[in-house]
Amino acid sequence: MPIRMELLVCGGTGCQASNSNRVLEVLREEIKKAKLESEVSVLMTGCFGFCEKGPIVKVMPDNIFYVEVDEESARKIVAEHVVKGRIYQEKLYVEPDTKEKLPEQSKIPFYKKQLRIALRNCGKIDPENINEYIAADGYMALGKVLTEMTPEAVIELVKRVDLEVVEAVVFQQV
Ligand code: FES
């Protein structure tokens, strides 16, 4: 059966200090109890950047961002979200100014002004699995340099890497 859902658990230092390893174990146990191992995967990722709100758990493809997840709420996330398809409201991020619950990471003001470049895959892939990096277009630039460009063209590219390339990256993603 194809994987229909991924639970991404932050494995960064901050979240580990807040017990994300145990959260990961509980999620795996609950998925197993629900007999959903063949369709729901639980992965440890790199830091999401919002360490003060950890442990972070993100549910994909629903794109729901849970914060301060503990053992009990990990069980609820499986029971409510994974099994019943209902967002578990108790662990959504609450914006302090408006008291609004923000289920999507990209809507949280903390992330709105950020543009991750080198760390853009953090929180999305398992950093210990090279295949996930390759699936996220890892090494594409190296492949292009080695197969499509001359050494002179590479040197020219590096010389103008400053504004031109940064602008291209920024305008693609904003
Ligand atoms: S360590 Fe989890 S968000 Fe940074």
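Residues numbered from 1 in each chain as written. Predicted model: local features only at pLDDT ≥ 70, side-chain atom pairs only at ≥ 80, totals over all residues. Heavy atoms only, no water.

## Examining the pairing of strand β1 (residues 5-10)
With respect to burial, β1 is a largely interior element, five of its six residues being buried. Strand direction decides the pairing type here: β1 and strand β2 (residues 40-45), joined by six bridges, are parallel. By the bridge assignment for β2, V9 is matched with M44. Sheet topology places β1 next to strand β3 (residues 57-60); four bridges connect them, and they run antiparallel. Bridging across to β3, L8 finds its partner in K58. (Buried < 20%, exposed > 50% of the residue type's maximum accessible area, 1.4 Å probe, protein only. Helix = DSSP H or I, 4+ residues; strand = E, 2+ residues; numbered from the N terminus. Pairing = 2+ DSSP bridges.)

## Details of unusual backbone geometry
The step from G54 to P55 runs through a cis peptide bond, and the omega angle for that step is -10°. Relative to the helices and strands, P55 is located in the loop between β2 and β3. At D137, a residue that is not glycine, the phi angle is positive and equals roughly 70°. Mapped onto the fold, D137 is located in the loop between α5 (130-135) and α6 (140-148). Its identity is not glycine, yet Y139 carries a phi of approximately 70°, on the positive side. Of note, Y139 is situated in the loop between α5 and α6.

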